Amino acid sequence: MSGNPKNAQGANTMWGGRFESAPDDLMTQINASVDFDRRLYAQDITASKAHAEMLVAQGIIPAEDGGKIQAGLDSIGEEIEHGKFAFKHELEDIHMNVEARLTEMIGAAAGRLHTARSRNDQVATDFRLWVRDALARSDDEMRDLQAALINRAEAHAATVMPGFTHLQSAQPVTFGHHLLAYVEMLGRDRGRLADCAVRLNECPLGAAALAGTSFPIDRQASAKALGFDRPTANSIDSVSDRDFALEALAMAAIAAMHLSRLAEELVIWSSAQFAFIRLSDGFSTGSSIMPQKRNPDAAELVRAKTGRISGSLVALLTVMKGLALSYAKDMQEDKEPVFDTFDSLSICLRASSGMIADLEVDAEAMAAAAGGGHSTATELADWLVRELGMPFREAHHVTGSVVRAADQLACRLDELSLAQLQAIEPRITAAALDFLSPTQAVESRASYGGTAPTQVREQVRLARERFL
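A brief look at the structure comes next. Note that the coordinates shown come from a computational prediction; the quantities given were computed from them, not determined experimentally.

## Here we look at the packing of aromatic side chains
Considering all chains together, one arrives at eight aromatic pairs under this definition. Seen from their ring centres, Trp130 and Phe342 are 6.2 Å apart, and the 75 degrees between their planes marks the pair as edge-to-face. Of this pair, Trp130 sits in helix 6 (residues 119-155) while Phe342 sits in helix 12 (residues 335-358), placing them 212 residues apart in sequence. You can call Trp130 buried: its relative accessible area is 5%. We classify Phe342 as buried; its relative accessible area is 5%. Centroid distance Phe274 to Phe276: 5.2 Å. Interplanar angle 80 degrees. Geometry classified as edge-to-face. Classification of Phe276 by relative accessible area gives buried; the value is 2%.

## Things to note about the side chain of Asp334
Relative to the assigned elements, Asp334 resides in the loop between helix 11 (297-320) and helix 12. What makes Asp334 buried here is its relative accessible area of 0%. Excluding anything up to four places from it in sequence, Asp334 contacts Phe127, Arg242 and Leu316.

## Notes on the pattern of salt bridges
Considering all chains together, one arrives at 31 salt bridges under this definition. Between Arg39 and Asp343 there is a salt bridge, with its nearest N and O atoms 2.8 Å apart. Remark: Asp343 occurs in helix 12 and Arg39 occurs in the loop between helix 2 (34-37) and helix 3 (41-57); sequence separation between them is 304 residues. The class for Arg39 is partly exposed, based on a relative accessible area of 34%. On the basis of relative accessibility, which here comes to 38%, the residue Asp343 falls in the partly exposed class. The partner of Glu458 in a salt bridge is Arg461, with the nearest N and O atoms 2.6 Å apart. With Glu458 and Arg461 both in helix 19 (residues 453-467) and three residues apart, this pair spans about one turn of that helix. Looking at Glu458, the relative accessible area reads 29%, which means it is partly exposed. What you see here is one network of salt bridges that share partners, running through Glu79, Lys88, Arg101 and Glu104.

## Overview of the state of the cysteines
Here, disulfide denotes a covalent bond that connects the sulfur atoms of two cysteines. Applying the stated criterion across every chain, the model contains zero disulfides. No disulfide involves Cys203; its nearest neighbouring cysteine sulfur is the one of Cys196, lying 16 Å away. As a non-bridged cysteine, Cys348 has Cys196 as the owner of its nearest cysteine sulfur, 19 Å distant. With a relative accessible area of 3%, Cys348 lands in the buried category.

Conventions we followed
Residues numbered from 1 in each chain as written. Predicted model: local features only at pLDDT ≥ 70, side-chain atom pairs only at ≥ 80, totals over all residues. Heavy atoms only, no water. Phe/Tyr/Trp six-rings, centres within 6.5 Å; stacked < 30°, edge-to-face > 60°. Helix = DSSP H or I, 4+ residues; strand = E, 2+ residues; numbered from the N terminus. Buried < 20%, exposed > 50% of the residue type's maximum accessible area, 1.4 Å probe, protein only. Contact = heavy atoms within 4.5 Å. Salt bridge = Lys/Arg side-chain N within 4 Å of Asp/Glu carboxyl O. Disulfide = S-S within 2.5 Å.

These figures capture arrangement, not role.
Laid out in structure tokens, this is it:
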């Protein structure tokens with residue numbers, strides 16, 4: 001059912017010349033985006049100033065009007081920053097709100113600003129600028145998390161803990177080595193981020209609605225003024241492309257997945273059953289009914305927000321998948337998932353950095369667990385191959401028999417005596433006993449990228465060079 005009757009006088013003054021009456025109230029609600037795209041105000045003003053400067057330089061608009069436009073846009077930016085700007089739903093979006101206010105300030109000269117551009121290339125430019133800024137912030141936050149992880153890794157280069165596969169005790173590793181795995185993940189995330197920033201950095205301004213313009217504009221000048229590498233090459237693609245947003249969301253979804261894996265381990269490690277770490281009060285909460293509880297809520301929320309970020313990627317892929325070229329209003333739905341994703345990614349990165357920097361490590365608990373599950377069995381198999389020349393499959397079988405014997409005696413491998421080992425394989429010597437120790441097992445894994453403390457310290461050094 002329609003709302004209040006409309007007439008021509010109520011039509012939008014920015015585009016209403018074609019219409020005899022104003023939109024229905026419900027149309028205004030579904031069409032308006034200013035409640036969320038107002039976040040583009042700084043980018044919109046920056047791009048508008050660059051456009052006006054180019055128009056003046058090309059002799060398309062008078063220099064006097066260009067000066068008024070520049071001053072007016074600066075004033076509008078200050079109004080918005082100080083909360084003195086009145087956003088109006090009937091003006092639909094940030095672009096028309098800014099232009100309408102500019103008209104109030106400087107009069108008819110404001111009408112020259114939209115020469116040789118459309119809201120289509122305007123929003124495509126503003127949105128690229130916003131995503132570019134968001135990527136730069138994310139890169140800084142990822143580097144901060146890498147720094148926290150690298151610092152912890154250096155401090156715990158020799159702290160022995162169990163390494164897992166299938167969440168079962170596999171082989172001893174060091175806590176520092178484990179943390180450096182996340183440094184590598186974040187390094188790849190930053191690589192994807194940098195790739196996205198390179199492909200993003202082309203300027204759509206000047207593509208106009210979809211076909212370019214008949215005015216003698218200088219798109220290279222506009223692109224340079226806004227810090228882009230070049231103008232976009234095809235005017236149709238310029239206004240219909242959202243690959244840059246999708247790629248940014250894909251990068252964020254993968255990064256969030258990495259953060260979720262780290263968060264999951266923080267949850268597990270801080271449980272009473274593991275007690276490897278203790279999260280600080282700053283990143284833990286209590287229970288309203290159980291006084292003893294310390295809940296790892298920060299980690300759990302980092303883990304949960306991954307679903308939200310992944311959902312944003314799927315949402316925008318779904319919006320874009322059926323759109324014929326060029327621009328369609330569907331693409332207005334591109335901004336909220338991107339804004340929400342980078343808000344969520346930012347708080348997850350900063351919370352993860354805080355948790356890593358503040359956590360307490362129980363090295364004794366880690367060391368005690370490191371030998372569980374017969375985690376040094378592979379070391380014995382390797383010793384049989386290396387020292388006795390035994391084929392690995394035979395060594396695997398012999399070691400399996402040793403593990404079975406330890407199970408029957410309800411002891412760890414490093415608690416077996418030499419006589420008990422020789423009862424299974426007479427050629428085993430006392431030298432093999434050293435390799436059943438988790439500490440010795442870790443020290444022996446000195447291959448490049450391995451878990452030996454010497455290697456961990458070297459990888460810490462290299463990580464600082466590569467990432468910080």
